[in-house]
There are 4 protein chains.
Amino acid sequence: MAELRGFMMPRTPAGLASVVPAPPWHYSGDVLTIEYRTEPDRVAGLLPAGVEPAEEDPGAVAIIWADWQSCSDSGEALLDPVRSQYKECFVVVRCRYGGETYSRCVFIWVDKDFALARGWYQGYPKKLGSIWMTRPVTVGRAGPRLAPGGAFGATLQANDRRLAEVRLTLTGESDTGGFVNALPMLHSRWMPSIEKDGGDSMAELVTMRSRDVDLGSAYTGTPEVELFEAPGEELAALRPSEMIAGYWRQVGATFDGGTRLE
Amino acid sequence: MAELRGFMMPRTPAGLASVVPAPPWHYSGDVLTIEYRTEPDRVAGLLPAGVEPAEEDPGAVAIIWADWQSCSDSGEALLDPVRSQYKECFVVVRCRYGGETYSRCVFIWVDKDFALARGWYQGYPKKLGSIWMTRPVTVGRAGPRLAPGGAFGATLQANDRRLAEVRLTLTGESDTGGFVNALPMLHSRWMPSIEKDGGDSMAELVTMRSRDVDLGSAYTGTPEVELFEAPGEELAALRPSEMIAGYWRQVGATFDGGTRLE
Amino acid sequence: MAELRGFMMPRTPAGLASVVPAPPWHYSGDVLTIEYRTEPDRVAGLLPAGVEPAEEDPGAVAIIWADWQSCSDSGEALLDPVRSQYKECFVVVRCRYGGETYSRCVFIWVDKDFALARGWYQGYPKKLGSIWMTRPVTVGRAGPRLAPGGAFGATLQANDRRLAEVRLTLTGESDTGGFVNALPMLHSRWMPSIEKDGGDSMAELVTMRSRDVDLGSAYTGTPEVELFEAPGEELAALRPSEMIAGYWRQVGATFDGGTRLE
Amino acid sequence: MAELRGFMMPRTPAGLASVVPAPPWHYSGDVLTIEYRTEPDRVAGLLPAGVEPAEEDPGAVAIIWADWQSCSDSGEALLDPVRSQYKECFVVVRCRYGGETYSRCVFIWVDKDFALARGWYQGYPKKLGSIWMTRPVTVGRAGPRLAPGGAFGATLQANDRRLAEVRLTLTGESDTGGFVNALPMLHSRWMPSIEKDGGDSMAELVTMRSRDVDLGSAYTGTPEVELFEAPGEELAALRPSEMIAGYWRQVGATFDGGTRLE
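Since the model is a prediction, treat every value here as computed from it, not as a measurement.

**What about the side chain of E233 of chain A?**
In step 1: Within the secondary structure, E233 of chain A sits in the loop between β12 (211-227) and β13 (242-255).
In step 2: When sequence neighbours within four positions are dropped, the list of residues in contact with E233 of chain A reads W109, K127, A158 and L163 of chain A together with L16 and A17 of chain D.

What follows is the structure, given as structure tokens:
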């Protein structure tokens, strides 16, 4: 019998049906980041045992919207863009493990299955949502310019409830796109046992960081954030107590695997 | 009793619930156009009584994908982009009426209700579909550049069947974005009578053209088109017999009403 | 030149591409109705000039969820259910015109284009939304029975915001499915002129009622209603001041045209 | 530091944000099953190493559509049906392992994230799709009755391409709902290592079967099946060579964990 092929499920004779092809995965997209502070114990409460809050600014949070085009090495899906474009909204905090400081994604919503599957592989705790973000324009009157005064909105809905909305009004260019999501990621990959009360079959701590990062000009501005309560969600617990800053930038990057720490 | 307010339905006391606010409507977006020839009688068959085929190149067809951000004068929806962004795929032919040559949209699919309502108002025969088009990128490896060799795909699905897919491989810059959709539009606005076998309550011939057109650089390339049969659709009747050209360009424009001809 | 064929747009040589085939339209589905009272001037404010509030109980409102299967006479779409199933949430009030009392739909959301087009034809002011309603079950533990204690929920989302949610807990069978939506409909069919500030090209007052109504057993219960504010909506203005009753029933009916009154 | 809580990701302080609550999961729904034979090596090719084809009728395939309402023990999601209803289309074959014959799901598409996550947990290789199936009716003319001559259609779309459509025309009642999906499931739970070329972090063989199965009357009929080629899919390789039968029935069941075999 021939071996089953494919990166993830379903595995098949030709290996073409996997919900997502094997890495490397390439990404090009627009990224809107709002950084703010919440009560530090809200961040600490989202860290797994053995992972500590960051030593500096432990209540810092980034809520990020991204509109991605992505593909594997063949690039084949780029010509069938329903299979290469997706949007996401995610929340990142910082934490400390083994003497290093990391970024960690604690909530994330995407709008395609290939993106959701990548996330489950990488330890991004992805759910489905409806994600929208204002696009900058260079012609016409239906959108902001990437210039002072340009106003951007971004929203998140899941299970037919709005969960978050933010605004960013640009004030100028920036040297950075933020600090909260700028470190190697520290993620947990959990899969409960199929056996009742069997604990976890997989419980790994992993780290990863992008390579071939290709950054466009960054812009900064004045942020506003609103988070809304909803059943089945705990996003609103990360309520802002103080705004830090907001950023908009185009980002290219490649993911090609990570390292298991535990 | 106060008057009901609102541009379209529903009309309400505050006039805020209309499926779309009153014009002017501003648009900024990416437009991918493929022009080709079909048998001229296929085009002629789609024209209403009293409207003739164009005198030159009467089999010319444009199939166009657009990814728009749009708003009314307040611009308020730009910050809630679920209400300002939409994608569309539409088919345009040329025709002749009253001694003038016009463009005419014969099929169109969009993915939001506000866009569908605008179309019913303007005589664009809109239905809902799922529309995707490759985006050019300036960073990273997940997309084409606006440069020779850049390859773009675009697809249309409605009622869970793929209806069209095209590819455009750029060869260079262009002075034009095509000729088929470049004329004032000649559209029919039809609404059948509520009475059985009552004919049409509204049967108008109207024309309109955009103002404040603001064009980005145009690119041209080598096009490919596939149209697929589906129940409830007649798009595939416009099968290509000869490719003309393909274009990609950013377009800004404003719609602010038209003129009734009949 | 052959004539264009088709009930609504687009009209084509074969007449198959119309967003919806010609009536008669047949419907079979589940209908959950909540009736309540709001301040009567909220209802009156939604009536067009020349239409008066109902003489009795002028603040009565019905908010209704329906999960329909529908088709035209050929029944062809029943085998391609993406083209025959849709859900809707709508709000009905009563009003008086020419000495008769009517029902009138003042807000409505659906989730398919063929349903939206039917509504624009019939004067139902349809927009798109995401509509869900609990289904009764006869096997298993994942749903209520049609029996006392059976609890049903129903929700409406549009533009990524939840607009309404209701609950109905059954208390027993009922002789009726409610009184607010039980009269002939009195609807306005409006289409603004394509000319700027040109008023309406079509402004009709029409009436219609279903034929071949085929009703299943009706159930009544205790209702709860919550309406939420949202930009671009005025539904929340119809806030409940007093609950009347709630109903669940299966309904079959046929629409085959109406009568123009003005 | 308090422990993170939640069945699957994301895990949080209150344990409410998991993409799906812990089992038991209860299901009530409509199930349409078509059984047919394909070439046995097509089935064998989808089995992992160590799992053999069934001894009898090794080319038998079931393609199944289900329209579910589902919940965990609290039943709370039943009143917010966007979180409890989903549809799925899945393909089941039989196989042999350790001297026992099992059912095995080789392809499956669902339309909600909570259902997708359950599948990844159970070894159902779920992807997202758009799934539709005709509903039987008891009132009106818009649907088949559960009686001889009743005609049902069901369709599957993913990534904007139709992948499958079937029809079932009822001939009468049945003692059974089919044999291909009637055995305990034998599933693989795979998760590749985060490390490049690291093999699988999790590669389990598990079995599970429902409890508290509560079956409605079964109907049988004449089936038709069409499978369509698409990039990123291998469903069409399971092309029918001979129809066996088709069934429609309402099913209730509870899932409450399984057993790891390897």
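Read on for the rest.
**Quick notes on the pattern of salt bridges**
In step 1: Evaluated as defined, the whole model comprises 84 salt bridges over all chains.
In step 2: Across the salt bridge formed by D73 of chain D and R141 of chain C, the nearest N and O atoms sit 3.8 Å from each other. Of this pair, D73 of chain D sits in the loop between β3 (60-72) and β4 (85-97) while R141 of chain C sits in the loop between β7 (130-133) and β8 (151-158), on two different chains.
In step 3: Put simply, R189 of chain C and E204 of chain C hold a salt bridge, and the shortest N to O gap is 3.1 Å. Of this pair, R189 of chain C sits in strand β10 (residues 185-192) while E204 of chain C sits in strand β11 (residues 200-208), and the two are 15 residues apart along the sequence. No difference in accessibility class separates R189 of chain C from E204 of chain C, as the two residues are buried.
In step 4: Through salt bridges with shared partners, a single ionic network connects E76, D80 and R83 of chain A, R162 and E165 of chain B together with R161 of chain D.

**Focus: the pairing of strand β10 (residues 185-192) of chain B**
Residue and element names in this part refer to chain B.
In step 1: With eight of eight residues buried, β10 lies mostly within the body of the structure.
In step 2: Residues M185, H187, R189 and M191 of β10 are buried on one face, and the alternating residues L186, S188, W190 and P192, pointing to the opposite face, are buried as well.
In step 3: Inspection of the sheet shows β10 paired to strand β11 (residues 200-208) by eight bridges, in the antiparallel sense. Bridged to P192 within β11 is D200.

**As for the environment of E55 of chain D**
Residue and element names in this part refer to chain D.
In step 1: Within the secondary structure, E55 is located in the loop between β2 (52-53) and β3.
In step 2: Among the residues examined, E55 registers a relative accessible area of 62% and is labelled exposed.
In step 3: Placed 41 residues apart in sequence, E55 and R96 show a C-alpha to C-alpha distance of 7.6 Å.

**A word on the environment of G6 of chain D**
Residues and elements named next belong to chain D.
In step 1: Tracing the backbone through its elements, the reader meets G6 in the segment before β1 (25-37).
In step 2: When its relative accessible area of 25% is taken as the criterion, G6 is described as partly exposed.
In step 3: Taking the C-alpha atoms as reference, G6 lies 39 Å from V166; in sequence the two are 160 residues apart.
In step 4: Not counting residues within four places of it along the chain, the set of residues in contact with G6 comprises R11, G15 and S18.

**Things to note about the interface of chain A and chain C**
One widely used convention gives an interface's size as the accessible area the parts lose upon coming together.
In step 1: Every contact between the two is made by eight residues of chain A and, on the other side, eight residues of chain C.
In step 2: Carbon and sulfur atoms supply 25% of the area buried between chain A and chain C, which totals about 700 Å² over both sides.
In step 3: Area buried by chain A at its contact with chain C is led by D160, R161 and R162 of chain A, which between them contribute 75% of it.
In step 4: The closest approach of N and O atoms between E165 of chain A and R161 of chain C, which form a salt bridge, is 3.5 Å.
In step 5: At the boundary of chain A with chain C, the tally comes to twelve residue pairs in polar contact (both at pLDDT 80 or more).
In step 6: For the side of chain A that touches chain C, the secondary-structure elements that each account for two or more residues are β7 (130-133) and β9 (161-174) of chain A.
In step 7: For the side of chain A that touches chain C, the leading source of residues is β9 of chain A, giving three residues.

**What about the state of the cysteines?**
In step 1: Summed over the entire model, instances satisfying the criterion amount to zero disulfides over all chains.
In step 2: With no disulfide of its own, C95 of chain A lies 11 Å from the sulfur of C105 of chain A, the closest cysteine sulfur.
In step 3: Here C89 of chain D stays unpaired: no disulfide links it, and the sulfur of C105 of chain D, its closest cysteine neighbor, is 9.4 Å away.
In step 4: Taking the relative accessible area as the measure of exposure, C89 of chain D reaches 0% and is therefore buried.

**With respect to unusual backbone geometry**
In step 1: With omega at -15°, the peptide bond leading from M9 of chain B into P10 of chain B counts as cis.
In step 2: On the secondary structure map, P10 of chain B appears in the segment before β1 (25-37).
In step 3: Note the cis peptide between P23 of chain D and P24 of chain D, where omega equals 5°.
In step 4: Of note, P24 of chain D is situated in the segment before β1.
In step 5: One non-glycine residue, N159 of chain A, lies in positive phi territory at about 50°.
In step 6: Tracing the backbone shows N159 of chain A in the loop between β8 (151-158) and β9.

**What to know about the pairing of strand β4 (residues 85-97) of chain B**
All names here are of chain B.
In step 1: The element β4 is extensively covered by neighbouring structure, given that twelve of its 13 residues are classed as buried.
In step 2: Direction of pairing for strand β2 (residues 52-53) relative to β4: antiparallel, over a ladder of two bridges. Pairing of E52 across the sheet is with R96, part of β4.
In step 3: Looking at chain direction, strand β3 (residues 60-72) and β4 are connected through nine bridges and run antiparallel. The residue bridging A62 from the neighbouring strand is V92, located in β4.

**Some thoughts on the interface of chain A and chain D**
In step 1: Every contact between the two is made by 71 residues of chain A and, on the other side, 71 residues of chain D.
In step 2: Interface area, chain A with chain D, both sides summed: about 5,900 Å², of which 64% is carbon and sulfur.
In step 3: Taken as a group, M9, W120 and I194 of chain A account for 15% of the area that chain A buries against chain D, more than any other trio of residues on that side.
In step 4: Counting across the interface, chain A meets chain D through six salt bridges.
In step 5: Here R11 of chain A and D200 of chain D are joined by a salt bridge, their closest N and O atoms 2.9 Å apart.
In step 6: Summed over the shared surface of chain A and chain D, the number is 34 residue pairs in polar contact (both at pLDDT 80 or more).
In step 7: Among the secondary structure elements, those contributing two or more residues to the side of chain A that touches chain D are β2 (52-53), β5 (100-110), α2 (113-122), β6 (126-128), β10 (185-192), β11 (200-208) and β14 (259-260) of chain A.
In step 8: Counted by class, the side of chain A that touches chain D contains 38 nonpolar, 14 polar and 19 charged residues.

**Some points on the confidence of the model for chain A**
In step 1: Looking at chain A, the pLDDT average stands at 97 and 99% of residues meet or exceed 70.
In step 2: Predicted complex, confidence summary: ipTM 0.97, pTM 0.98.

The rules behind each value
- Per chain, the residues get numbers from 1 upward, laid out in the order the sequence is written.
- Numbering of ligands from 1 and lettering of chains from A proceed in the order in which they are written.
- Given that the model is predicted, a residue must reach a pLDDT of at least 70 before its local features are reported, and side-chain atom pairs must reach 80 or more before they are shown or counted; all residues, however, enter totals for whole chains, interfaces and linings.
- The side-chain values count all of the structure's non-hydrogen atoms but skip hydrogen atoms and water molecules.
- Helix and strand labels come from DSSP, where a helix needs a run of H or I of at least four residues and a strand needs a run of E of at least two; each type is numbered from the N terminus.
- Here a residue-residue contact requires only that any non-hydrogen atoms of the pair lie within 4.5 Å.
- We define a salt bridge as a side-chain nitrogen of Lys or Arg found within 4 Å of a carboxyl oxygen belonging to Asp or Glu.
- Burial classes: relative accessible area under 20% of the type maximum marks a residue as buried, over 50% as exposed, and values in between as partly exposed (1.4 Å probe, protein chains only).
- When DSSP finds two or more bridges between a pair of strands, those strands are recorded as paired.
- Summed over both partners, the accessible surface that disappears when two parts come together, traced with a 1.4 Å probe, is what is meant by buried area.
- A 3.5 Å cut-off defines polar contacts: any pair of N or O atoms within that distance qualifies, except that in protein one atom must be a possible hydrogen donor and the other a possible acceptor, and neighbouring residues in sequence count only when both atoms are side-chain atoms.
- When two cysteine sulfur atoms lie within 2.5 Å, the pair is treated as a disulfide.
- Amino acids outside the nonpolar list (Ala, Val, Leu, Ile, Met, Phe, Trp, Tyr, Cys, Pro) and the charged list (Asp, Glu, Lys, Arg) are all regarded as polar, and Gly is one of them.
- pLDDT measures how confident the predictor is about each residue, on a scale from 0 to 100.

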